[in-house]
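Overview (structure and organization)
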Amino acid sequence: MNSSSQNEVFYHQKSSVKIGEIERYIIKYIPTKKRDGKSTGSVALSMMETLNQSIFLKIKNVSNSTYSANYIMGPFDLYCDVRTQDYCDTKRVIVTAEKPQYKSQLAPQKKFIAELSMHQLQDEYAWVVDVISGMIFSTENHTSYEMTIGISKDSLKYKDYRDLSLNSSWFNVEKLNTADLWSIPETMTNSDKLKHLVLLTHGLHSNTSVDMLYMKEEIERQQSQIPGEELMVTGFTDNVCQTEKGIKYLGTRPAEYLIDLLKRHPIKKISFIGHSLGGLVQAFAIVYLSVNEPELFKKLTLENFIALASPLLGLAAHNPKYVKYSLSHGVMGQTGKDLGLHRSATNGNVPLLYLLSGNPFQTIIKRFKRRTIYANCENDGIVPLYTSSLLYLEYKQVMNSLQAFKEKKHAKKKISNASLFSSVSSMMTQPTPSADFIDAPNLSKNPILHDKIYTQDDCENLRKRYADSFLKHYLKHKAKDQNDSYQGLIADGLQIGTTWRKIIVALPPDSHNNIIVRRRFTNAHGLSLIHISEPTRLRCIS
């Protein structure tokens, strides 16, 4: 290694992440402790303090370059971001040196280099680094990477490392893994405060542990606003790479997980938040819990049932014929058949979703204090508006609001209807916000176009009003031995004798993933929704 202190590397880490895994590094530099002589000292760090007051970080994806195109077993890319520890998503970043830095898809053998700047005199500097697996299709494979911190960009090229974080009081790196970030604190389990469990459920080809981590942390951040009550935010993680096995299978497993939690903890309240397919999975889990543990279930106060861009009526009515054919013939496994409203002998020769819209779920859903659905008005080719909004909606109001929203943003007035393939491909090649948007997310427009509580009477009136226009396509194909379509029957069943709050949003350009901020900066268009809306506002959770 070059003997010059300008080339010193003082932290190096080799690691790997599998599907649904994150590794978070909290880096701290405390100059006052070095000046006070409480550390081992470093000539390199003394030099650093005169070299633009920065240190440099490199993350390299060291997976074999031949894996770049191997999506079926991967993908083998990484999401990385670096931000100051006091960074706030809702505040404009004025100082250039404090702007977050990120890479949405770090491919094999590619590097991500970030400058950790100390632009003003402080007693302590701290940064947070997240490294997240981009894998979607494999639980067996992993993506390897190396992280290096050095005094200059040139120092990142050297291979002779020493870890100053082990014995230095002025430089420290703390590493947290997925289990650390999702563990229920021991102080909470031993507390006498009322326990409110919030269960997060992921969608198709997704996972809870990283795809819904941002939402989890935002909910937990509101804890201080509800003294006397403790939020236990968790999610079932073992459905990863199992999401084609059908809604029954997917719903039974988190229900068993939930039963175990309820027996081990004195939980009094419970809320469910499901994204995409997760909205249906959590519905089945609730039914399973009520049937198999009725006494346990009766003791719970049901607070919130929240579905985000969920295909509550299936996907049979919107997609082209070849997609419908593929769904009904098992291209997406049993889940595809369920979403395609395939009639099965095991369900009495009717679709599973039709059964699910009846009792006991029809009765259970009324016990919830709040029932809320979020639906994307555009840019969602995976879950169309009709199915995520339970069919009945003030469509003209929504369209007018969307037009006004686009005029304010000087955008194209035509509705952007993303295709199924463009939405799926966005998980592979992710569209990202502009640098200006990342710097000033607080300046983004409120994406909520429509927010209304719908009664059964509202739904019946809207059905009559739009039967020959907006709803015609979804009502014309009658179910066997019925005078209505399955979409109409399911929508009616879920809305009989109860109310639903329907929130319609406009999020560019990948709204299906932006609605949950799947990745903090890649999906930053959803930040404003998360911060102003019901999933993380504890006025609804508590």
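Moving on, we come to the side chain of R519. Secondary-structure assignment places R519 in the loop between α20 (511-514) and α21 (527-532). Taking relative accessible area as the criterion, R519 reaches 4% and is therefore assigned buried. Dropping the residues within four chain positions of it, R519 is found in contact with Y79, I132, S133, V210, D211 and A524.

Core analysis: the biggest nonpolar cluster contains 75 residues, and L258, I286, L300, F305, F361, F368 and L391 have the highest contact counts within it. Here this core gets 10 residues from one element, more than from any other, and that element is helix α7 (residues 277-292). Among residues more than four places away in sequence, those in contact with L391 are L313, Y386, L471, Y474, L475, Q487, G488 and A491. Grouped together as the second largest cluster of nonpolar side chains are 38 residues, M215, L231, V233 and I515 included.

Attention shifts here to the packing of helix α6 (residues 247-264) against α7. Between α6 and α7, the shortest axis-to-axis distance is 7 Å and the interhelical angle comes to 60°. It follows from the interaxial angle that α6 and α7 lie oblique. Note that α6 runs across α7; the crossing there is right-handed. Where α6 approaches α7, its residues I247, K248, L250, G251, T252, P254, A255, E256, L258, I259 and L262 are matched on the opposing element by L277, L280, V281, F284, A285, Y288 and L289. Within the contact of α6 with α7, the residues separate by chemical class into 14 nonpolar, 2 polar and 2 charged.

An order of β5-β4-β7-β2-β9 is seen for the 5 strands of this open sheet, with the pairing classed as antiparallel. Looking at the sheet topology across the chains shown, the edges are occupied by β5 (101-106) and β9 (171-176). Taken pair by pair, the neighbouring strands of this sheet meet at an average axis angle of 10°, ignoring direction. Bridge count between strand β2 (residues 22-29) and strand β7 (residues 125-133): 8 bridges; the pairing is antiparallel. Across the sheet, the residue bridging to R24 is D130, located in β7.

Taking burial as the measure, the 8 residues of β2 include 7 buried ones, the bulk of the element. Two elements, β2 and β9, share 6 bridges in a ladder whose sense is antiparallel. When the bridges of β9 are listed, R24 appears paired with L176.

Of all 7 residues making up strand β14 (residues 370-376), 6 are buried, and the element is well covered by its neighbours. In this sheet, β14 lies alongside strand β13 (residues 301-308) in parallel orientation, the contact comprising 5 bridges. Among the inter-strand pairings, L308 is bridged to a residue of β14, identified as Y374. Across 5 bridges, β14 lies against strand β16 (residues 500-505) in parallel orientation. Each residue of the ladder has a partner; that of N376, found in β16, is V505.

We now examine the pattern of salt bridges. Counted by the stated rule, this structure contains 28 salt bridges. Close ionic contact of R264 with D260 constitutes a salt bridge, the shortest N to O distance being 2.9 Å. Of this pair, R264 and D260 both sit in helix α6, separated by 4 residues, roughly a single helical turn. For K452, the salt bridge identified is with E394, shortest N-O distance 3.4 Å. Residue K452 is found in strand β15 (residues 448-454), and its partner E394 is found in the loop between α13 (385-388) and α14 (395-408); the two are separated by 58 residues along the sequence.

Here the focus is helix α19 (residues 486-495). Among the 10 residues in α19, 9 count as buried, and that is most of the element. For α19, the complete set of buried residues consists of Y486, Q487, G488, L489, I490, A491, G493, L494 and Q495. Here the buried face of α19 lies against α11 (352-356), α12 (361-364), α13, α17 (456-466), α18 (472-475) and β16. Positive phi appears at G497, one or two residues downstream of α19, with a value of about 65°.

Do not read the fine detail of predicted coordinates wherever pLDDT is low. On average, the protein chain scores 87 in pLDDT, and the residues at 70 or more come to 86%. Summarising per-element confidence for the protein chain, the mean pLDDT is lowest in helix α2 (residues 43-48) (44) and highest in α17 (98). Predicted confidence for residues 36-48 stays below pLDDT 50, and this span has 32 contacts to residues more than four positions away or in other chains. The model gives residues 538-542 a pLDDT under 50, and that stretch makes 27 contacts with residues more than four places away or in other chains.

Okay, the packing of aromatic side chains next. For any pair of aromatic rings, the description consists of the separation of the ring centres together with the inter-plane angle of the planes. For the coordinates displayed, the defined rule picks out 18 aromatic pairs. Measuring from ring centre to ring centre gives 4.8 Å for F10 and F171, while their planes differ by 85°; the resulting arrangement is edge-to-face. Of this pair, F10 sits in strand β1 (residues 9-18) while F171 sits in strand β9, placing them 161 residues apart in sequence. Of the two residues, F10 and F171, neither departs from the other in class, the shared state being buried. Taken together, a centroid distance of 5.8 Å and an interplanar angle of 65° make the contact between F305 and F361 edge-to-face.

Thresholds applied
- Residues numbered from 1 in each chain as written.
- Predicted model: local features only at pLDDT ≥ 70, side-chain atom pairs only at ≥ 80, totals over all residues.
- Heavy atoms only, no water.
- Helix = DSSP H or I, 4+ residues; strand = E, 2+ residues; numbered from the N terminus.
- Buried < 20%, exposed > 50% of the residue type's maximum accessible area, 1.4 Å probe, protein only.
- Contact = heavy atoms within 4.5 Å.
- Core = buried A, V, L, I, M, F, W, Y, C linked by side-chain atoms within 4.5 Å.
- Axes fitted to C-alpha atoms, helices over the stretch in contact; angles between N-to-C directions.
- Parallel < 35°, antiparallel > 145°, perpendicular 65-115°, else oblique.
- Left-handed = near helix turned anticlockwise from the far one by under 90°.
- Nonpolar A, V, L, I, M, F, W, Y, C, P; charged D, E, K, R; others polar.
- Pairing = 2+ DSSP bridges.
- Salt bridge = Lys/Arg side-chain N within 4 Å of Asp/Glu carboxyl O.
- pLDDT = per-residue confidence, 0-100.
- Phe/Tyr/Trp six-rings, centres within 6.5 Å; stacked < 30°, edge-to-face > 60°.

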